[in-house]
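# Analysis of the macromolecular model
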Amino acid sequence: MTSKKALIRRPGPRLAEGLVTHVEREAVDTDLAFAQWREYVAALESDGWETYLVEPADDCPDAVFVEDTVVVFRNVALIARPGARSRREETAGVEQAVARLGCSVNWVWEPGTLDGGDVLKIGDTVYVGRGGRTNAAGVQQLRAVFEPLGARVVAVPVSKVLHLKSAVTALPDGTVIGHERLVDHASLFPRFLPVPEESGAHVVLLGGDRLLMAASAPKSAELLSDLGYDPVLVDISEFEKLEGCVTCLSVRLRELYA
Ligand SMILES: NC(=O)NCCC[C@H](N)C(=O)O
């Protein structure tokens, strides 16, 4: 069964204080960020996605990057335990949101840490990035929750970027795309297509051939368009300054049985 529901969370007033790890800090325009976020949500909705606002977590600057707080496989949610302490309070509202949508809820427990941005699902294969935010105990706990449901969990080292999905995402046919310089081991993926820009590695599958992508990746969009896809570009410059990408601004729930 397919569903088109997406969790989103408004950017909070402290957005500009969000964490930066692999990039230099740049001033964030919070008004522009809010306008960009609205455009992002509008792009999801105009493609038929029902959006669900997660309760704000305004004390947490990075709360808008809601994808990091949970992983959902079919109707089973695993609430993350963010690798960054400043993000730990973000999960409470997400717990409520997924429970309301009919998911059963599991948690990553100490000493495990896991960020949703480290988890890439392609069919029943669940790639999990072991990197700066997700540790070995987090990987083990993810396996324990999802393997009994039929998932094949594949752990992947991530050392060059914040999250696995900062390095790679997947096209509708399962081809993994990434900017080669930032991918630790492209050979771990059965089919890998290099893209010319860092942010060109990030696609949200809207449905059919449509791919939501950042406006900062025009050459990658052209490449994918030439392969028969239909890129929909959104400007997320203010979130990119905080190492955010199109994937991390929502949690897409495609396999809910309702
Ligand atoms: N999944 C993602 O790529 N999330 C981006 C999170 C950015 C945020 N500033 C952080 O460092 O946690």
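Counting from 1, residues in each chain are numbered in the order their sequence is written. Where local features are concerned, this predicted model is filtered to residues with pLDDT of at least 70; where side-chain atom pairs are given and counted, the filter is 80 or more; whole-chain, interface and lining totals use all residues. For the side-chain quantities, the full set of heavy atoms in the structure was used; hydrogens and water were omitted.

## Concerning the nonpolar core
Selection rule: Buried residues of nine kinds, namely Ala, Val, Leu, Ile, Met, Phe, Trp, Tyr and Cys, make up a nonpolar core once their side-chain atoms join them within 4.5 Å. Per-residue accessibility, obtained with a 1.4 Å probe over protein chains only, is compared with the maximum for each type, and a residue is labelled buried under 20%, exposed over 50%, and partly exposed between these values. The secondary structure listing takes helices from DSSP runs of H or I that are at least 4 residues long and strands from runs of E that are at least 2 residues long, numbered from the N terminus.
Counting 25 residues, the largest nonpolar core has Y40, L44, L212 and F239 as its most contacted members. Sorting the residues of this core by element identifies β1 (5-8), α1 (30-46), β12 (204-207) and β13 (210-214) as the ones contributing at least two each. Tallying contributions element by element places α1 first for this core, with six residues. Core analysis: the second largest hydrophobic core is formed by 16 residues, F73, A80, L114 and A151 among them.

## Regarding the pairing of β1
To keep things clear, this is the line we draw: The pairing criterion is simple: DSSP has to find at least two bridges between the two strands. Seen with its strands pointing away from the viewer, a crossover is right-handed if its path from the first strand over the helix to the second goes clockwise.
Burial along β1 is two-sided: K5 and L7 and A6 and I8, pointing in opposite directions, are all buried. Of the pairings in the sheet, the one linking β1 to strand β2 (residues 50-53) comprises four bridges and is parallel in character. Across the sheet, A6 pairs through a bridge with T51, a residue of β2. Regarding topology, α1 serves as the crossover connection from β1 to the parallel β2, and that connection is right-handed. Of the pairings in the sheet, the one linking β1 to strand β15 (residues 251-253) comprises three bridges and is antiparallel in character. If you follow L7 over to β15, its bridge partner there is V251.

## What to know about the site of the ligand
Worth spelling out the cut-off: For this purpose, a residue is taken to be near a molecule or strand whenever a single non-hydrogen atom of the residue falls within 4 Å of it. N or O atoms closer than or at 3.5 Å make up a polar contact, with two conditions inside protein: a donor-capable atom paired with an acceptor-capable one, and, for residues adjacent in sequence, both atoms drawn from side chains. What sets the accessible areas is the Shrake-Rupley method with a 1.4 Å probe; for residues, cover comes only from the shown protein chains. Just so you know the grouping, Ala, Val, Leu, Ile, Met, Phe, Trp, Tyr, Cys and Pro go in nonpolar, Asp, Glu, Lys and Arg go in charged, and all remaining residues, Gly too, go in polar.
The local shell around the ligand holds 15 residues, among which D62, D68, R87, R133 and L242 are the closest. D68 has a polar side-chain atom sitting 2.8 Å from a nitrogen atom of the ligand. Here an oxygen atom of the ligand sits 3.3 Å away from a polar atom, N or O, in the side chain of H163. A total of 350 Å² of accessible area belongs to the ligand in isolation, and the protein chains cover 100% of it. When the residues that make up the shell around the ligand are grouped by side-chain class, the tally is six nonpolar, three polar and six charged.

## Some words on the side chain of D118
Let me state the cut-off plainly: In this tally, Asp and Glu contribute negative charge and Lys and Arg positive charge; neither His nor the terminal groups of the chain are included. A carboxyl oxygen of Asp or Glu within 4 Å of a side-chain nitrogen of Lys or Arg is what we treat as a salt bridge. The contact criterion used is simple: two residues touch if any of their non-hydrogen atoms lie within 4.5 Å.
Along the chain, D118 turns up in the loop between β5 (104-107) and β6 (119-122). R133 provides the closest opposite charge to the buried, unpaired D118, separated from it by 7.4 Å. Side-chain polar atoms of D118 contact the side chain of T134, separated by 2.6 Å. For D118, the residues in contact, after removing those within four places along its chain, are Y127, V128, G129, R133, T134, L162, H163 and L164.

## What about the pattern of salt bridges?
Summed over the entire model, instances satisfying the criterion amount to eleven salt bridges. Here E67 and R252 are joined by a salt bridge, their closest N and O atoms 3.5 Å apart. Of this pair, E67 sits in the loop between β2 and β3 (70-73) while R252 sits in strand β15, and the two are 185 residues apart along the sequence. No difference in accessibility class separates E67 from R252, as the two residues are buried. Here E238 and K241 are joined by a salt bridge, their closest N and O atoms 2.9 Å apart.

## So, helix α5 (residues 218-226)
Rules: Arc definition: it is the arc formed by the directions from the helix axis to the C-beta atoms.
Along α5, the positions that sit buried rather than exposed are S220, A221 and L224. Projected onto a plane normal to the axis of α5, the buried residues spread over an arc of 100° and lie on a single side. Among the exposed residues of α5, those pointing more than 90 degrees away from its buried face are K219, E222 and D226. Against β10 (176-178), β11 (192-194), β13 and β14 (230-234) lie the buried residues of α5. Directly after α5, the chain includes G228, whose backbone phi takes a positive value near 100°.

Read these as geometric descriptors, not functional statements.
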